[in-house]
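One letter stands for each residue in the lines below.
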Amino acid sequence: MRYNERELLSLARQPAEKAAEIRMSVPKKGSVLKKRLVKLVVNFLFYFRTDEAEPIGALLLEHCKITKEEENVFSISFIEEPERKYCFECATEEQCQEWVEALKRASYEFLRRSLIFYRNEIQKMTGKDPLEQYGISEEARFQLGAHRQ
Amino acid sequence: MKLNERSVAHYATCDSPADHAGFLRKRVERHHHHAHHHGTSYQRRWFVLKGNLLFYFEERESREPVGLVVLEGCTVELCEAAEEFAFAIRFDDAGARAYVLVADGQAAMEAWVKALSRASFDYMRLVVRELEKQLEEACKSLAACRKSPQRCSSSGRKRHLSNPALQPLQEKPTTLENGYSTWSSGGCVAGGATCTDHDGGQTKPPPLPPRRRSATGSATGSLAPGLSPAMLESPVSPETICFSKLHNWYGQEIAVLRREWQERQKRGHP
């Protein structure tokens with residue numbers, strides 16, 4: 001699958017929502033935990049060798065499951081391959097919880113559900129659709145329920 | 001750079017609804033040193049927009065996308081290309097190539113340009129933050145009106161909330177729209193701030209709703225009204241916990257408010 005790697009690399013250089021040095025392992029046989037710079041930018045998680053400017057890899061955080069594992073450890077897996085886990089060992093339990101929370105909210109789909117929720121609540125409270133003033137009420141992405149093509 | 005391509009491809013083809021889809025012709029890009037080629041060629045592809053990701057497939061029924069365009073930091077503009085109904089996705093990066101796409105007609109082109117220009121994560125985040133603010137304001141208005149009815153009409157912001165049922169309780173009539181009438185019918189939940197009792201003067205701003213706290217609480221709770229189960233079948237299930245916590249939290253506040261003004265009515269509060 002082709003993709004615009006150049007833009008993705010550019011995205012990796014943007015200010016991050018969250019960044020830290022965390023020990024990480026990939027779901028490959030014999031993989032060990034290695035210290036990486038892990039950076040959350042929009043719905044992508046980039047990971048770098050600590051002394052390099054370009055990321056080794058990127059994870060799109062849609063349809064993924066963030067699991068708190070044992071102490072200081074969390075994992076990311078994807079819905080179609082739940083046994084393949086990217087593991088992250090944090091320095092402290094607190095850091096671990098922060099990352100779990102942040103990553104659970106990192107997907108575009110989560111953002112969309114939040115928007116629909118707030119829209120609905122505001123509408124119920126005020127009787128007005130808050131998106132009307134922006135002229136985006138009819139946009140497919142802001143609709144409740146399925147809007148399949 | 002590695003990308004979790006298998007998962008990305010799965011996201012492209014799975015059941016989750018697309019924000020836009022349709023056939024477009026995609027200009028084939030050649031290397032710079034071939035820039036003076038005579039003809040431009042286009043390939044017809046099936047495009048699917050999901051969130052900030054634009055996928056394209058060889059055929060509508062293809063099981064895997066041929067390619068992906070990540071749509072952060074791009075602009076979408078109409079194109080002065082030889083083709084009619086052409087538009088381009090361009091990135092800030094100086095050397096970056098543009099994606100030139102051609103729609104079937106004027107309406108299709110406009111729909112795509114609109115959909116793509118609002119596709120970024122950043123845009124979505126902006127709108128969500130704006131709505132969060134609006135919900136807080138609506139809560140504050142509600143709280144202020146409840147605590148000190150005579151202060152309610154002071155701010156223009158609060159005028160959009162009108163509730164005829166409250167008028168007999170106050171000296172100055174306030175306008176609160178769509179207030180208790182909906183709530184008293186039960187089942188519906190509207191936002192409300194937890195208002196601890198302060199007297200007369202300054203109403204403190206209500207505390208932020210618990211959405212920012214950890215979502216590792218109990219997993220029970222009904223779905224918030226208006227959210228169909230299909231929307232929440234994502235495996236990232238703690239999101240449902242957030243919503244149901246909010247739901248219960250608001251619901252409690254409404255129950256308290258109702259009890260209080262029902263009691264006031266009984267006591268013949270002026």
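Residues numbered from 1 in each chain as written. Chains lettered and ligands numbered in written order. Predicted model: local features only at pLDDT ≥ 70, side-chain atom pairs only at ≥ 80, totals over all residues. Heavy atoms only, no water.

Caption draft 1: Here's a closer look at unusual backbone geometry. The phi angle at Val42(A) is positive, at roughly 40°, despite the residue not being glycine. Looking at the element boundaries, Val42(A) is found in the loop between β3 (34–41) and β4 (44–49). Look at Phe85(B): it is not a glycine, yet its phi comes out positive at around 65°. Among the structural elements, Phe85(B) can be located in the loop between β6 (74–78) and β7 (86–91). (Helix = DSSP H or I, 4+ residues; strand = E, 2+ residues; numbered from the N terminus.)

Caption draft 2: Inspection of helix α3 (residues 108–126) of chain A at higher detail. Residue and element names in this part refer to chain A. Taking 1.5 Å as the rise per residue, α3 with 19 residues should run 27 Å; its terminal C-alpha atoms sit 27 Å apart, in good agreement. For α3, the tally of buried residues reaches 18 of 19 residues, placing the bulk of the element in the interior. Following α3 by one or two positions, Gly127 has its phi on the positive side, about 75°. (Expected span 1.5 Å × (residues − 1). Buried < 20%, exposed > 50% of the residue type's maximum accessible area, 1.4 Å probe, protein only.)

Caption draft 3: Representation of the packing of aromatic side chains in the model. Summed over the entire model, instances satisfying the criterion amount to 10 aromatic pairs over all chains. On the basis of an interplanar angle of 20° and a centroid distance of 6.0 Å, the ring pair of Phe44(A) and Phe46(A) is categorised as stacked. In this structure Phe44(A) comes out as buried when scored by relative accessible area, which is 1%. Under the relative-accessibility criterion, Phe46(A) is labelled buried at 0%. Put simply, the rings of Phe47(B), Tyr56(B) and Trp112(B) pair up and form one aromatic cluster. The ring of Trp99(A) has Lys18(A) lying over it, and the distance from NZ or CZ to the ring centre is 5.4 Å. The ring centre of Tyr11(B) lies 5.4 Å from the NZ or CZ of Lys50(B), which sits over that ring. (Phe/Tyr/Trp six-rings, centres within 6.5 Å; stacked < 30°, edge-to-face > 60°. Lys NZ or Arg CZ within 6 Å of the ring centre and 35° of its normal.)

Caption draft 4: Focus on the environment of Glu59(B). Residues and elements named next belong to chain B. Structurally, Glu59 can be placed in the loop between β4 (53–57) and β5 (67–70). Glu59 gets classed as partly exposed once you look at its relative accessible area, which sits at 42%. Along the primary structure Glu59 and Arg45 are separated by 14 residues, whereas in three dimensions their C-alpha atoms are 6.3 Å apart.

Caption draft 5: Molecular detail of the sheet that holds β4(A). Spatial ordering of the open sheet is given by β6(A)-β7(A)-β8(A)-β2(A)-β3(A)-β4(A)-β5(A)-β1(B), a layout of 8 strands whose pairing is mixed. With one partner strand each, in any of the chains shown, β6 (64–68) of chain A together with β1 (2–3) of chain B form the two edges of the open sheet. Note: strand β2 (residues 18–25) of chain A against strand β8 (residues 81–89) of chain A, 3 bridges, orientation antiparallel. Pairing of Ser25(A) across the sheet is with Cys87(A), part of β8(A). Packing of helix α1 (residues 5–12) of chain A onto the sheet brings it into contact with β3 and β4 of chain A together with β1 of chain B, and relative to β4(A) it is tilted by some 80°. Sheet strands touched by helix α1 (residues 5–13) of chain B: β5 (57–60), β7 (73–78) and β8 of chain A together with β1 of chain B. Its angle to β8(A), the strand with the most contacts, is close to 125°. (Pairing = 2+ DSSP bridges. Contact = heavy atoms within 4.5 Å. Axes fitted to C-alpha atoms, helices over the stretch in contact; angles between N-to-C directions.)

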